[in-house]
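Architecture and fold: a report
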Amino acid sequence: MATIEECRSALDKLSDSMQRAEGDVRDAAALDRSVSCHITDLDVTFAGRMRGGRIEVHDTVPGPPPGKAEIRLAMTGDDLVALVGGELSFAKAWGSGRVKLHAGVRDLLQLRKLL
């Protein structure tokens, strides 16, 4: 099982990748939205903001997200690490229910370019 530190490192790696993106992917990464990522097996939530092509984590809190972020993800720590490491396809993980993504329709349309 992935640790909190490994999950935080995976989010940092994802943020770095987003910042280096180009074209449509860079446009999608440039959204300015509140974001939360609930790691279900650790029962911890990383909360912050997606802005300027980066994910800025401001808080790590126990339990589910304390508020309703505009973009909300939920998954196990192992799945987060595997997604960022390229070992797990987001589409397959989302389609099978291993990853849950909640966002407005407009944001989902933009985010699909990232995923």
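Heads up: these notes are all about the structure in this document. (Residues numbered from 1 in each chain as written. Predicted model: local features only at pLDDT ≥ 70, side-chain atom pairs only at ≥ 80, totals over all residues. Heavy atoms only, no water.)

Next up on the list: the side chain of Thr45. Mapped onto the elements, Thr45 comes out in strand E2 (residues 44-51). At 2.7 Å, the side chain of Thr45 and the backbone oxygen of Gly63 are in polar contact. When near neighbours in sequence (up to four residues on either side) are disregarded, Thr45 contacts Ser36, Cys37, His38, Asp59, Thr60, Val61, Gly63, Pro64 and Pro65. (Helix = DSSP H or I, 4+ residues; strand = E, 2+ residues; numbered from the N terminus. Polar contact = N/O pair within 3.5 Å; in protein donor to acceptor, adjacent residues only side chain to side chain. Contact = heavy atoms within 4.5 Å.)

In this section: the pattern of salt bridges. The final tally for this structure, using the stated rule, is 7 salt bridges. Arg98 is the salt-bridge partner of Asp79, the closest N and O atoms lying 2.5 Å from each other. Here Asp79, found in helix H3 (residues 77-84), pairs with Arg98, found in the loop between helix H4 (90-95) and strand E5 (100-103); they are 19 residues apart in sequence, far enough to count as distant. Taking the relative accessible area as the measure of exposure, Asp79 reaches 8% and is therefore buried. For Arg98, a relative accessible area of 42% corresponds to the partly exposed category. Bridged by salt links that share partners, the residues Asp32, Arg49 and Glu70 form one connected network. (Salt bridge = Lys/Arg side-chain N within 4 Å of Asp/Glu carboxyl O. Buried < 20%, exposed > 50% of the residue type's maximum accessible area, 1.4 Å probe, protein only.)

What follows concerns unusual backbone geometry. The phi dihedral of Asp43 is positive, around 50°, even though this residue is not glycine. Position of Asp43 among the secondary structure elements: in the loop between strand E1 (33-39) and E2.

Counting 26 residues, the largest nonpolar core has Ile39, Phe46, Met50 and Leu80 as the members making the most contacts within it. If you list the elements that add at least two residues to this core, you get helix H1 (4-20), E1, E2, strand E3 (54-62), strand E4 (71-75), H3 and H4. (Core = buried A, V, L, I, M, F, W, Y, C linked by side-chain atoms within 4.5 Å.)

Turning to the packing of H1 against H3, a few remarks are in order. Interaxial distance between H1 and H3 falls to 9 Å at its minimum, and their mutual angle equals 30°. When the axes of H1 and H3 are compared, the pair comes out roughly parallel. Here H1 and H3 pass one another in a crossing that is left-handed. Within the contact between the two elements, H1 uses Glu6, Cys7, Ala10, Leu11, Lys13 and Leu14 and H3 uses Gly77, Leu80, Val81 and Val84. Of the residues assigned to the contact of H1 with H3, the class counts are 7 nonpolar, 1 polar and 2 charged. (Axes fitted to C-alpha atoms, helices over the stretch in contact; angles between N-to-C directions. Parallel < 35°, antiparallel > 145°, perpendicular 65-115°, else oblique. Left-handed = near helix turned anticlockwise from the far one by under 90°. Nonpolar A, V, L, I, M, F, W, Y, C, P; charged D, E, K, R; others polar.)

Here we come to the state of the cysteines. Applying the stated criterion across every chain yields a total of 0 disulfides. The thiol of Cys7 is unpaired, and the distance to the nearest cysteine sulfur, on Cys37, comes to 7.5 Å. (Disulfide = S-S within 2.5 Å.)

Treat this as a map of the structure, not an account of what it does.
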